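Reading the structure
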Amino acid sequence: MSNSDSLEAIRTSSAAGYRKGLDDVAQQRSRKLTQSRMLTENDIDALAVLEYAAQDVLQKYHAAMRQMEVRLETLDQDLKLRQRRNPIHHIESRMKSVPSIFEKLERYGKSATLESMEANIMDIAGLRVIVSYVQDAYDILHYLEHQDDLSVITVKDYIAHPKPNGYRSLHLIVRIPVYFLDSKEDIPVEIQIRTIAMDFWASLEHDLKYKSVREIEGVDIGEELRQCSAIIKGVEERMQVLAQALDDGARSKPKAKAVDHAKTIDLAAEVEWPACAVPTAPAAPEPTRAFKPMRYLGPH
């Protein structure tokens, strides 16, 4: 087998093809190499070792992702109890694939090793939190920042400062403690918080980006998407004002106080019964009459 047909050549060619597009010569070459050659025994052993090692590392990220998801669900349920509404509409989760991880390492100019992956790639595990209103996104961030065992490493506010294409979202990198049999590790998880409207725009923009292989005559697709993002932002601001007007800042307080007060009530001592409904002990039942069997006297 020639040197150009090694696993490293295939990996490098595939990464280049991924960057340059479906019709690129590099990707055609990598497809030809992977489909027309037999893997050697050394190749198979190397892949088996890499797969085992990657699974051992990635299971930590999967555990961190699940724990972070449960933590967000718990927060949402607590807010439902105290504020009578669920700010989180739904949560999506994803694990970055091994090929995309190593492709990203190459783009960053980092060595393609598992150690380098753990040191440089912070979005291996990711959650997307879809909320109702813009203020909900910032509230979730605030609540997470005040959890003492959670470290918020970075915050990128694309809501206040949208990307040039109109993309809006709140991106966080947090580290959450994960406990194993004999150790504890703080594992990074990426969290994207966006509203339903932002998610709607991002999903369609992603779809249109891959469909628009050519410019439509007389239509600037990029500018159209930016204008759509601005329109959605205006609608969201109006909906937020409407929600605040209906809420009036008072909806969350009475129930929270009632719950706290209910925990301190001594039901036996503090419950006041109406005069007509004061419970009394039931009267003792009358003693039952003793039964004496009759003596049989025989026929008369």
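The text that follows walks through the structure, step by step, so that each part is easy to find. Residue numbers run consecutively from 1 along every chain, following the written order of its sequence. Thresholds applied to this predicted model are a pLDDT of at least 70 for local features of residues and 80 or more for the giving and counting of side-chain atom pairs; totals over whole chains, interfaces and linings are not thresholded and use all residues. Calculation of side-chain values draws on the structure's entire complement of heavy atoms; hydrogens and water are dropped beforehand.

**Looking at the pattern of salt bridges**
Spelled out, the test is: When a carboxyl oxygen of Asp or Glu lies within 4 Å of a side-chain nitrogen of Lys or Arg, that pair is called a salt bridge. Secondary structure elements are taken from DSSP: a helix is a run of H or I of four residues or more, a strand is a run of E of two residues or more, and numbering for both begins at the N terminus. Burial classes: relative accessible area under 20% of the type maximum marks a residue as buried, over 50% as exposed, and values in between as partly exposed (1.4 Å probe, protein chains only).
Across all of its chains, the model carries 14 salt bridges by this definition. Salt-bridge contacts for Glu 103 lead to Arg 107; the nearest nitrogen and oxygen are separated by 3.1 Å. You can see Glu 103 and its partner Arg 107 sitting in helix H4 (residues 98-108), four residues apart, about one turn around the helix. With relative accessibility at 6%, the residue Glu 103 sits in the buried group. Through salt bridges with shared partners, a single ionic network connects Lys 60, Glu 118 and Glu 185.

**A look at the packing of aromatic side chains**
Stated formally: Pairing of aromatic rings covers Phe, Tyr and the six-membered ring of Trp, with a centre-to-centre limit of 6.5 Å; geometry is then stacked below 30 degrees between planes, edge-to-face above 60, and tilted otherwise. Ring-over charges, as used throughout, are those where CZ of Arg or NZ of Lys falls within 6 Å of the ring centre and within 35 degrees of the ring normal.
Tallied over the entire structure, the rule returns one aromatic pair. Of note, Lys 163 hangs over the ring of Tyr 158, and the distance from its end group to the ring centre comes to 4.9 Å.

**Overview of unusual backbone geometry**
The phi torsion at Arg 84 lies on the positive side, around 60°, for a residue other than glycine. In this structure, Arg 84 sits in the loop between helix H3 (41-83) and strand S1 (88-95). On the accessibility criterion, Arg 84 (48% relative accessible area) is partly exposed.

**Focus on the pairing of strand S2 (residues 125-131)**
The test is simple: Two strands qualify as a pair provided that DSSP identifies no fewer than 2 bridges between them.
Counting buried residues along S2, six of its seven residues qualify, which places the element largely inside the surrounding structure. As paired strands, S1 and S2 are joined by seven bridges and run antiparallel to one another. Looking across to S2, one finds that Met 95 is bridged to Ala 125. As paired elements, S2 and strand S5 (residues 184-195) share six bridges and run parallel to each other. Considered in S5, the bridge of Leu 127 is made with Ile 191.

**With respect to the sheet that holds strand S4 (residues 170-179)**
Convention followed: Lines fitted to C-alpha atoms define the axes here, with helix axes fitted over just the stretch in contact, and angles between the N-to-C directions of these axes take values from 0 to 180 degrees.
The strand order S1-S2-S5-S4-S3 describes an open sheet built from five strands, whose pairing is mixed. At either margin of the open sheet sits one strand with a lone partner, and together these are S1 and strand S3 (151-157). Strand-to-strand, the axes of this sheet are offset by a mean angle of 25°, without reference to chain direction. Of the pairings in the sheet, the one linking S3 to S4 comprises six bridges and is antiparallel in character. Bridge pairing in S4 places Ser 151 opposite Arg 175.

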